[in-house]
2 protein chains.
Amino acid sequence: MHSLKEDFQKVTQSTSLSEFQQTPYGPHPSDFLSNVNKFELIDSTLREGEQFANAFFSTEKKIEIAKALDDFGVEYIELTSPVASEQSRKDCEAICKLNLKAKILTHIRCHMDDARVAVETGVDGVDVVIGTSKFLRQYSHGKDMNYIANSAIEVIEFVKSKGIEIRFSSEDSFRSDLVDLLNIYKTVDKIGVNRVGIADTVGCANPRQVYELVRTLKSVVSCDVECHFHNDTGCAIANAYTALEGGAKLVDVSVLGIGERNGITPLGGLLARMIVSCPDYVKSKYKLHKLRDIETLVANAVEVNIPFNNPITGFCAFTHKAGIHAKAILANPSTYEILNPHDFGMTRYIHFANRLTGWNAIKSRVDQLNLEFTDDQVKDITAKIKKLGDVRPLNIDDVDSLIKDYYHTVVISSEEGSEDGETTAIESAASTAAA
Amino acid sequence: MHSLKEDFQKVTQSTSLSEFQQTPYGPHPSDFLSNVNKFELIDSTLREGEQFANAFFSTEKKIEIAKALDDFGVEYIELTSPVASEQSRKDCEAICKLNLKAKILTHIRCHMDDARVAVETGVDGVDVVIGTSKFLRQYSHGKDMNYIANSAIEVIEFVKSKGIEIRFSSEDSFRSDLVDLLNIYKTVDKIGVNRVGIADTVGCANPRQVYELVRTLKSVVSCDVECHFHNDTGCAIANAYTALEGGAKLVDVSVLGIGERNGITPLGGLLARMIVSCPDYVKSKYKLHKLRDIETLVANAVEVNIPFNNPITGFCAFTHKAGIHAKAILANPSTYEILNPHDFGMTRYIHFANRLTGWNAIKSRVDQLNLEFTDDQVKDITAKIKKLGDVRPLNIDDVDSLIKDYYHTVVISSEEGSEDGETTAIESAASTAAA
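Residues numbered from 1 in each chain as written. Chains lettered and ligands numbered in written order. Predicted model: local features only at pLDDT ≥ 70, side-chain atom pairs only at ≥ 80, totals over all residues. Heavy atoms only, no water.

Engineer: Provide a residue-level description of the overall build of chain A, including the pertinent values.
Structural biologist: For chain A, the helix and strand inventory stands at 18 helices and 10 strands. Expressed as a percentage of the 435 residues in chain A, the buried residues total 62%. Considering only contacts within chain A whose residues lie at least 6 apart along the sequence, 73% involve residues at least 24 apart. (Helix = DSSP H or I, 4+ residues; strand = E, 2+ residues; numbered from the N terminus. Buried < 20%, exposed > 50% of the residue type's maximum accessible area, 1.4 Å probe, protein only. Contact = heavy atoms within 4.5 Å.)

So this is what it looks like as structure tokens:
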């Protein structure tokens, strides 16, 4: 890590790092409510994630995932309601007994029957949820706002009496009446909940709307605000970030975002967003180099592949292809990278074996092969590579063959007595290009 | 489509549709600049998408993709620069000759050498780009802002003289000096470009920052604003939406978001976002039921799988699992769905074969099997199903076996002379649950 930073400083040369850091993509100075620099994570892989179509977690797998999340550094781990099934209750108790650093939560309906079971499991806190939108009030539980408020008060006071944390959340918050919402949040805040939650249960929210709701909510309650965003319209990461800007403090995530339908804010994707804004905080709190392992663990458990375009761990997240990009990346990786792959134990890759390649990328490859070409010779072989790349897909061996043929037929014959560079050729393209 | 709407109205019954439509997730009335209701798409699958690590498009494949995009309804199709390679130029000419409804663009560096080749290909417009950030000015082209402005003026006047559309875009706009940016945009707007573009080349931008930049830019230029967002930090869809709110009119997309690194705003994901805000506009302009075909076409061409969590077309985008969700979905799909799967030629699926299932979901399955159970009997068999679901993953056949066993051993013996419901059992769970 240290040597890498030195490399970076070396290539930036005349321009100081601090000058580059004065960029406008961090926390906004006018956001006095912002918690972008001090957010916390509630990982719900073992609750929301269990609602993913493919999820069936055995007790052993749940424990393995909980330990991995705890080691990674998440502040909270949320588990399926103990009333969902008999084994759900036993698994909840088993995970509580692990004595993890992370606090263990379970997620229940706003109902005394559920609360009585939940507080006996050994959890550090209970997350209570009830639908407040017209849709849910009409088609799910059929209760009015007074009934909701009274149930909430009873459950909250009961859970508090047991000395454990309590969160109250509405469900489908963004299709709920704003006055209803603020009323109930104000009520439960007065009783003294640890957190209130807003939930975009159907994935309809957009960022500016999230910002407005969270900021308004923060003017009404004194407790922390937690947020939960579904990803149906692809905004779950951005909505979570914007909620933090507006004053939310805790974000519900799951590994790879697994959950109902296409899921919620993904752990890795959110950290990609957050590390851009507060790199020191993120690096100090989470073991980022274990992200790929934890994603692989969960992907295998629910039998999915890590998406090709996944932030950070997608197979091409740090692959640069166009010639114009490769040229600049070779001079300074920050030109086309906002994330440093080394922060996540990943490596950068310059894709030079294609028709969009440029002579800077090929020059870098020639250097890796330890061959000596003039710039004109590199441009000449680059033209030949692009020509072949027009005809068919190329791989590294194709390009290396062309380079080596050119070396033997053109470069050597234009010199006298050059040494054979092939014996020290580096086979992997990834390593030196990453410097 | 028509009968579906009738179904929907039937289940909503007492509450009118218009009442539910008064929800706060549409365009914001205070956004007088918003183009959320009148955006246009520039599909860059054949330019940005060609920079995706796995992409190698033959001429035939390019033509197939261009025709599919045109049929789908995108307003513009952007192609790789004709100077990238000899075949790139020939392919550009071939696609221009197809006489598609969509306008054909090509994307070049801000340089007369590139412009001279581009205008001869037969394109309807040229997209010019140059790096304006300190990073790109130092490590890519090495030019200062005066040089950039002068190059831009020369290229723009040349392209305009040929009677075709011209867009001028900065690259890495969100790490560029704001005054430099506004200066150059104001200059090119005066010359008379069709569009100026902002590009989040490294994927660092966040939504509120996008909104501020676009709104400021709109106060400086009179032409349209185009936006281009990379997805490194998972905000490409939200940033595009927020840009439209701030007054941008055109969004660069690609099928499945393919592009450099983990790509850009995806066509399908953006339309998921947009259909929530302006359903009539989106449905009138784009053949949404062909989305899955076009995604499959491109996924096959670049040899990737459609991500499990892809908006709309991910395998579980419309799968509902938790019992509490299934109950409400059966009463009214809008309770837990902001997107209607039928708009995209997809179907809803209630996942009832698991330990999180509820008795409403099982009752629906009993009805599908054309069996007669009392509510108490359904609750009884639901408990048995949840118990087995605690032990191992279940599939539909497992649940159906349990239901049928229960029917023969309990239900029939509690009645006299009931008919055999199994002969009309429906094998697929998807169809009736979707009503």
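The structure having been displayed, the exposition proceeds.
Engineer: Any details on the sheet that holds strand E1 (residues 40-43) of chain B? Residues and values, ideally.
Structural biologist: Residue and element names in this part refer to chain B. The eight strands lie next to each other as E1-E2-E3-E4-E5-E6-E7-E8, forming a closed barrel whose pairing is parallel. When strand polarity is set aside, the average angle formed by the axes of neighbouring strands in this sheet is 25°. Strands strand E6 (195-200) and strand E7 (224-229) of the sheet are contacted by helix H9 (residues 207-218), whose axis makes an angle of about 160° with E6. Lying over the sheet, helix H10 (residues 236-246) contacts E6, E7 and strand E8 (250-253), oriented at roughly 170° with respect to E7. (Pairing = 2+ DSSP bridges. Axes fitted to C-alpha atoms, helices over the stretch in contact; angles between N-to-C directions.)

Engineer: A description of the relation of the copies chain B and chain A should follow, citing residues and the corresponding values.
Structural biologist: Its rotation angle being 180°, the transformation that places chain B on chain A also includes 0.0 Å of axial translation and leaves an RMSD of 0.0 Å. Accordingly, the operation relating the two chain copies is best matched by a two-fold axis. Scanning chain B for the C-alpha nearest the rotation axis identifies B:Pro307, at a separation of 2.4 Å. In this assembly, 100% of the residues forming the interface of chain B have copies in chain A that are likewise at the interface, indicating an isologous arrangement. (Least-squares fit on C-alpha atoms with pLDDT ≥ 70 in both.)

Engineer: Provide a residue-level description of the pattern of salt bridges, including the pertinent values.
Structural biologist: Within this structure, the stated rule accounts for 56 salt bridges over all chains. In this structure, A:Asp127 engages A:Arg167 in a salt bridge whose closest nitrogen and oxygen atoms are separated by 3.8 Å. Of this pair, A:Asp127 sits in strand E4 (residues 125-131) while A:Arg167 sits in strand E5 (residues 165-171), and the two are 40 residues apart along the sequence. With its nearest N and O atoms 3.8 Å apart, the salt bridge here joins B:Glu50 to B:Lys62. Residue B:Glu50 is found in the loop between E1 and helix H3 (59-72), and its partner B:Lys62 is found in helix H3; the two are separated by 12 residues along the sequence. (Salt bridge = Lys/Arg side-chain N within 4 Å of Asp/Glu carboxyl O.)

Engineer: Any details on helix H17 (residues 396-411) of chain A? Residues and values, ideally.
Structural biologist: Residue and element names in this part refer to chain A. Along H17, the residues that are buried comprise Asp-398, Val-399, Asp-400, Ile-403, Tyr-406, Tyr-407 and Val-411. Those residues of H17 hidden inside the fold are in contact with helix H15 (359-368) and helix H16 (375-391). For H17, the N-terminal capping position is held by Asn-395, with its side-chain oxygen 3.1 Å away from the main-chain nitrogen of Asp-397. (Polar contact = N/O pair within 3.5 Å; in protein donor to acceptor, adjacent residues only side chain to side chain.)

Engineer: Tell me about the side chain of A:Arg167, residues and numbers included.
Structural biologist: When its relative accessible area of 3% is taken as the criterion, A:Arg167 is described as buried. When neighbours within four sequence positions are excluded, A:Arg167 is seen to be in contact with A:Glu78, A:His107, A:Val126, A:Asp127, A:Val128, A:Val129, A:Arg195, A:Val196, A:Gly197, A:Glu226 and A:Asp252.

Engineer: Got a sec to walk through the domain arrangement of chain A? Specific residues and values, please.
Structural biologist: Residue and element names in this part refer to chain A. By domain assignment, chain A separates into domain 1 (33-302) and domain 2 (319-415). Inter-centroid distance (C-alpha atoms) of domain 1 to domain 2 is 47 Å. Summed over both partners, the interface of domain 1 with domain 2 buries about 640 Å², with 72% contributed by carbon and sulfur atoms. Looking only at domain 1, the three residues that lose the most surface to domain 2 are Val-276, Leu-288 and Arg-292, adding up to 51% of its buried area. Counting every contact that joins domain 1 to domain 2 gives one salt bridge. Where Asp-343 meets Lys-283, a salt bridge forms, and the shortest distance between an N and an O atom there is 3.7 Å. Applying the counting criterion to the domain 1 and domain 2 interface returns zero residue pairs in polar contact (both at pLDDT 80 or more). Counting residues per element, the ones that place at least two in the side of domain 1 that touches domain 2 are helix H11 (267-277) and helix H13 (291-301). At three residues, H11 tops the list of elements feeding residues into the side of domain 1 that touches domain 2. (Domains from an automatic or database assignment. Buried area = accessible area lost by both parts, 1.4 Å probe.)

Engineer: I'd love a proper account of the interface of chain B and chain A, names of residues and values included.
Structural biologist: Listed as interface residues are 102 residues of chain B and, on the opposing side, 104 residues of chain A. Between chain B and chain A lies a buried interface of about 8700 Å² when both sides are counted; carbon and sulfur atoms form 58% of it. Our count for the contact surface shared by chain B and chain A stands at four salt bridges. Between B:Glu245 and A:Arg208 there is a salt bridge; the shortest N-O distance is 3.3 Å. Summed over the shared surface of chain B and chain A, the number is 40 residue pairs in polar contact (both at pLDDT 80 or more). For the side of chain B that touches chain A, the residue count by class is 44 nonpolar, 33 polar and 25 charged. (Nonpolar A, V, L, I, M, F, W, Y, C, P; charged D, E, K, R; others polar.)

Engineer: If you had to explain the sheet that holds strand E1 (residues 40-43) of chain A to someone new, which residues and values would you point to?
Structural biologist: Residues and elements named next belong to chain A. Strands sit in the order E1-E2-E3-E4-E5-E6-E7-E8 around a closed barrel of eight strands; the barrel is parallel. With direction set aside, neighbouring strand axes in the sheet form an average angle of 25°. In the sheet, strand E3 (residues 103-109) pairs with E4 via five bridges, with the strands oriented parallel. Residue pairing across strands places Leu-105 opposite Gly-125, the latter belonging to E4. The strands touched by helix H7 (residues 145-161) are E4 and E5; relative to E5, the strand with the most contacts, the crossing angle is about 160°. Against the sheet, helix H9 (residues 207-218) contacts strand E6 (195-200) and strand E7 (224-229), and its axis sits at roughly 160° relative to E6.

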